[in-house]
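# Fold and geometry: a report
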Amino acid sequence: SRPPGGAGHDAPVTMPQLTELLDSLDVRQVGDLDFVAHQLDDPTHHIAGGHIAAQALVAGGRTAPGRVPHSFHAYFLRAGDARYPVDMHVTGLRDGGTLSTRRVTAVQRGEVLLEAHVSFSAALETMEYHQPMPEVPAPEALPPVHEQLACYADEFNGLWIRERPVERRYIDPPPRLAMDLPEAPPRIRMWWRPVDSVPDDPVLNAALLTYHSGVSMLETALVARRTSAAHTFNALIDHAVWFHRPADLNDWVLADAVSPSGVAGRGLATGVMYNRGGDLICTATQELYFGRDRR
């Protein structure tokens, strides 16, 4: 993830519609293990880390039929240009009785942008347990984010209130609001859900969890630094997600994330997500690089 900064800092930044996001995740297969992933362009021509990570997961999933993602680990090696497609090369590392492992390399114009390992699992009936969901207000009791940040509507061409492919209801202050508060802990709990229904597909389900965790968890580190994505350069270094159960993306999902560490220009964020019924659906961790503030 990166801010709408650089040469296009004052340009209107368009957010993808849900249909555009879903279309971009439907990577095109051009060979047994080769795929082409079209990007979501904006005036900065930046490829969001959470987006290309989700595309890599889908590419890997196409080569492991009958199995569902259970973990994803990626390193982001360099920035890409969203005006051009990205080639996804999948390597089949192992197919066992329960687990299949794939390496996915994302390449654009001869340069590696991302290197990921994805593991898939067959269905297995075993004992289950998980930590309970924290007690939080229901999403219906919280204001939509465009109301919560209405007083900042004129900043960055309406960036904070622009429609996004997922609806968000923050329990803790989002970064822009936290900047103006006397104090705010580096924790963000939010309810989120796609703005419309999505297909009931386990790989797409995991890809959307990867996308949302990739573009939202950085906010905890931003709160810790008392800044926002529009005031500070930031870029994903690595990202990992463990998928425990399918999410019900036709209802609200609770994300609970914290930033336990910031050192040497990097910020660590980790979090969990729950279905409305309290089932733990995924755990995610990422590290980001920060540049100088724009203030």
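My aim in this report is to walk through the structure given alongside it, one point at a time. (Residues numbered from 1 in each chain as written. Predicted model: local features only at pLDDT ≥ 70, side-chain atom pairs only at ≥ 80, totals over all residues. Heavy atoms only, no water.)

## Overview of the overall build of the protein
When helices and strands are tallied, the protein shows six helices and twelve strands. Since a compact globule built from 295 residues should have a radius of gyration of about 19 Å, the 18 Å found for the protein is in line with a globular shape. By residue count, 53% of the 295 residues in the protein fall in the buried class. Restricting the contact set of the protein to residue pairs at least 6 apart, pairs at least 24 apart contribute 73%. Looking at the protein as shown, the accessible area adds up to about 13400 Å², and 51% of this sits on carbon and sulfur atoms. Looking at the protein, you have 26 positive and 36 negative side-chain charges, and the mean spots of the two groups are 6 Å apart. (Helix = DSSP H or I, 4+ residues; strand = E, 2+ residues; numbered from the N terminus. Rg over C-alpha atoms; globule rule 2.2 N^0.38 Å. Buried < 20%, exposed > 50% of the residue type's maximum accessible area, 1.4 Å probe, protein only. Contact = heavy atoms within 4.5 Å. Areas by Shrake-Rupley, 256 points an atom, 1.4 Å probe, with all protein chains shown as cover. Lys, Arg positive; Asp, Glu negative; His and termini not counted. Charge placed at Lys NZ, Arg CZ, Asp CG, Glu CD.)

## With respect to helix 1 (residues 18-25)
For helix 1, every residue scored as buried is listed here: L18, L21, L22, S24 and L25. The arc that holds every buried residue of helix 1, seen down its axis, measures 160°, which confines them to one face. Exposed and oriented more than 90 degrees from the buried face of helix 1 are T19 and D23. The inward-facing, buried residues of helix 1 contact helix 2 (49-62), strand 8 (187-194) and helix 5 (202-216). (Arc of directions from axis to C-beta.)

## A few points about the pairing of strand 4 (residues 86-95)
Two elements, strand 2 (residues 34-37) and strand 4, share four bridges in a ladder whose sense is antiparallel. The partner of A37 across the bridge, within strand 4, is V86. In this structure, the hairpin formed by strand 4 and strand 5 (residues 99-108) is closed by a connection of three residues. (Pairing = 2+ DSSP bridges.)

## Regarding the packing of helix 1 against helix 5
Contact geometry for helix 1 and helix 5: axes closest at 11 Å, N-to-C directions at 115°. Helix 1 and helix 5 meet at a crossing whose hand is right-handed. Here L21, L22 and L25 of helix 1 lie close against helix 5, whose contacting residues are L204, A207, L208 and Y211. Across the contact of helix 1 with helix 5, the residue classes break down as seven nonpolar, no polar and no charged. (Axes fitted to C-alpha atoms, helices over the stretch in contact; angles between N-to-C directions. Left-handed = near helix turned anticlockwise from the far one by under 90°. Nonpolar A, V, L, I, M, F, W, Y, C, P; charged D, E, K, R; others polar.)

## Describing unusual backbone geometry
In the Ramachandran plot, H45 falls in the positive-phi region, its phi being about 55° despite a non-glycine side chain. Turning to its location among the elements, H45 is positioned in the loop between strand 2 and helix 2. A residue is classified by how much of its surface remains accessible, and H45, at 24% relative accessible area, is partly exposed. One non-glycine residue, R109, adopts positive backbone phi at about 50°. Tracing the backbone through its elements, the reader meets R109 in the loop between strand 5 and strand 6 (111-121).

## Examining the pairing of strand 9 (residues 232-243)
Here strand 9 lies mainly inside the structure; nine of its twelve residues are buried. Sheet topology places strand 3 (residues 68-76) next to strand 9; five bridges connect them, and they run antiparallel. Across the sheet, F72 pairs through a bridge with V241, a residue of strand 9.

## Some details on the packing of helix 2 against helix 5
Two elements in contact, helix 2 and helix 5, have axes whose closest approach is 7 Å; the angle formed by their N-to-C orientations is 160°. As the angle between them shows, helix 2 and helix 5 are arranged roughly antiparallel. For helix 2 against helix 5, the interelement crossing comes out right-handed. Where helix 2 abuts helix 5, its residues G50, H51, A53, A54, L57, V58 and G61 lie against V203, A206, A207, T210, Y211, G214 and V215. (Parallel < 35°, antiparallel > 145°, perpendicular 65-115°, else oblique.)

## A short note on the nonpolar core
Core analysis: the largest hydrophobic core is formed by 73 residues, its most contacted members being I52, F72, M88, L114 and W192. Not counting residues up to four positions away in its chain, the partners in contact with W192 are V166, E167, L208, L209, H212, L249, D251, W252, V253, A255 and M273. I171, W252, L254 and V272 belong to the second-largest nonpolar core, a separate cluster that totals nine residues. (Core = buried A, V, L, I, M, F, W, Y, C linked by side-chain atoms within 4.5 Å.)

## Observations regarding the layout of surface pockets
If you add up the space inside the second largest pocket, you get close to 730 Å³. Forming the walls of the second largest pocket are 22 residues, and the residues nearest its centre are V68, H70, F243, H244 and R245. Contributing elements (two or more residues each) for the lining of the second largest pocket: strand 3, helix 5 and strand 9. Broken down by element, the residue count for the lining of the second largest pocket peaks at four residues, all from helix 5. (1 Å grid on protein atoms, 1.4 Å probe; cavity = no way out; pocket = protein on both sides within 12 Å on 5 of 7 lines; lining within 4 Å. Points joined across faces, edges and corners; volume = space filled by probe spheres on them.)

## Brief notes about helix 2
Its 14 residues give helix 2 an end-to-end C-alpha distance of 20 Å, which sits within 8% of 20 Å, the value for a rise of 1.5 Å per residue. Along helix 2, 13 of the 14 residues are buried, which leaves the element largely enclosed by surrounding structure. (Expected span 1.5 Å × (residues − 1).)

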